[in-house]
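Working through the structure, step by step
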Amino acid sequence: MTIFPVVLVGGGPGAWDLITVRGQRALVDADVILADHLGPASELDKLCDTAGKDIVDVSKLPYQRQTSQEKINALLVSHARAGRKVVRLKGGDPFVFGRGFEEVQALRAAGLEYQVVPGVTSAVAVPGVVDVPVTQRGVVHAATIVSGHLPPGHPKSLVDWGALARSGATLSIVMGVKNAGAIATTLQAEGMDAATPAAIIADGTMDSQRAVRCTLGELGDVVKQTPIAPPAVIVIGEVAGL
């Protein structure tokens with residue numbers, strides 16, 4: 001079996017035992033683990049013997065402390081060049097709003113080999129654990145994963161909220177708690193019915209999991225009035241009302 005100096009591992013949607021078998025094996029073999037705050041980072045001792053491993057916290061906390069991507073890239077390269085086996089442990093899947101490909105580009109530029117281990121993304125798994133299928137035969141034939149970290153109208157936003165409002169697809173929105181009200185208002189202004197079902201699931205797959213159902217028209221007020229905090233997934237579409 002090929003041994004890679006760097007492995008990018010998707011840690012899954014939250015609970016420690018939802019990581020893949022391949023991901024766990026990479027953790028067992030690692031000398032250094034660069035870990036985000038999501039996924040199984042807080043329960044590494046359940047997945048591997050952490051004694052002798054260098055565990056580095058490189059969290060990007062929403063609207064709080066941030067480890068720059070440039071620093072993370074530099075750590076990956078420096079540890080690998082020092083001959084250490086490195087795992088970059090990320091929440092969800094490395095390539096779903098995880099900046100995994102930026103790390104791949106940095107490793108390629110440094111001439112380092114790597115492996116990507118996919119993970120279960122919260123955008124699909126978290127709705128599923130509260131019986132919200134992002135697709136359902138006879139109800140919807142499309143689902144769109146959307147980042148809500150920037151509000152509609154923000155100059156750096158790459159999301160066409162008008163197109164999404166008219167698409168008929170399920171919207172699975174991650175990093176959208178802070179901007180939920182603005183997103184709901186914009187979707188309605190772009191033609192989405194205020195009665196469209198919605199669901200908000202916080203801490204999905206964890207013991208602290210909490211889910212709230214409402215309508216698109218109620219979404220902004222519900223997020224304000226309910227103690228919902230990131231990480232959370234917001235689902236908008238007919239499937240949220242099943």
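Shown above is the structure to which this text applies.
Before going into details, it helps to say that this report is about the structure given with it. The model shown is predicted, which means the values in this text are computed figures rather than measured ones.

Turning our eyes to something else, we now look at helix 1 (residues 21-29). Inspection of helix 1 places G23, A26 and L27 among the buried residues, and these make up the whole buried set. Around the axis of helix 1, the buried residues are gathered within 100° of arc, so they sit on the same side. Of the exposed residues in helix 1, those oriented more than 90 degrees away from the buried face are V21, R22 and R25.

Moving on, we get to the pattern of salt bridges. Here the structure, examined in full by the defined rule, presents six salt bridges. Between R88 and D36 there is a salt bridge, with its nearest N and O atoms 3.0 Å apart. You can see R88 sitting in strand 4 (residues 86-90) and its partner D36 sitting in the loop between strand 2 (32-35) and strand 3 (54-57), a full 52 residues away along the chain. Across the pair, D36 and R88 agree in class, each one buried. Notably, a salt bridge pairs R84 with D54, separated by 3.6 Å at the nearest N-O pair. Taken together, the positions of R84 in the loop between helix 2 (69-81) and strand 4 and D54 in strand 3 put the pair 30 residues apart, joining distant regions of the chain. What makes R84 partly exposed here is its relative accessible area of 27%. Under the relative-accessibility criterion, D54 is labelled partly exposed at 29%. Here the salt bridges share partners, and the residues they tie into one network are D36, R88, K90 and E103.

Residue position: K53 is located in the loop between strand 2 and strand 3. For the buried residue K53, which engages in no salt bridge, the nearest side chain bearing the opposite charge is D31, 6.1 Å off. With residues near it in sequence (within four places) discarded, K53 still touches L27, V28, D29, A30, D31, I33 and C48.

Criteria and thresholds
- Residues numbered from 1 in each chain as written.
- Predicted model: local features only at pLDDT ≥ 70, side-chain atom pairs only at ≥ 80, totals over all residues.
- Heavy atoms only, no water.
- Buried < 20%, exposed > 50% of the residue type's maximum accessible area, 1.4 Å probe, protein only.
- Helix = DSSP H or I, 4+ residues; strand = E, 2+ residues; numbered from the N terminus.
- Arc of directions from axis to C-beta.
- Salt bridge = Lys/Arg side-chain N within 4 Å of Asp/Glu carboxyl O.
- Lys, Arg positive; Asp, Glu negative; His and termini not counted.
- Contact = heavy atoms within 4.5 Å.

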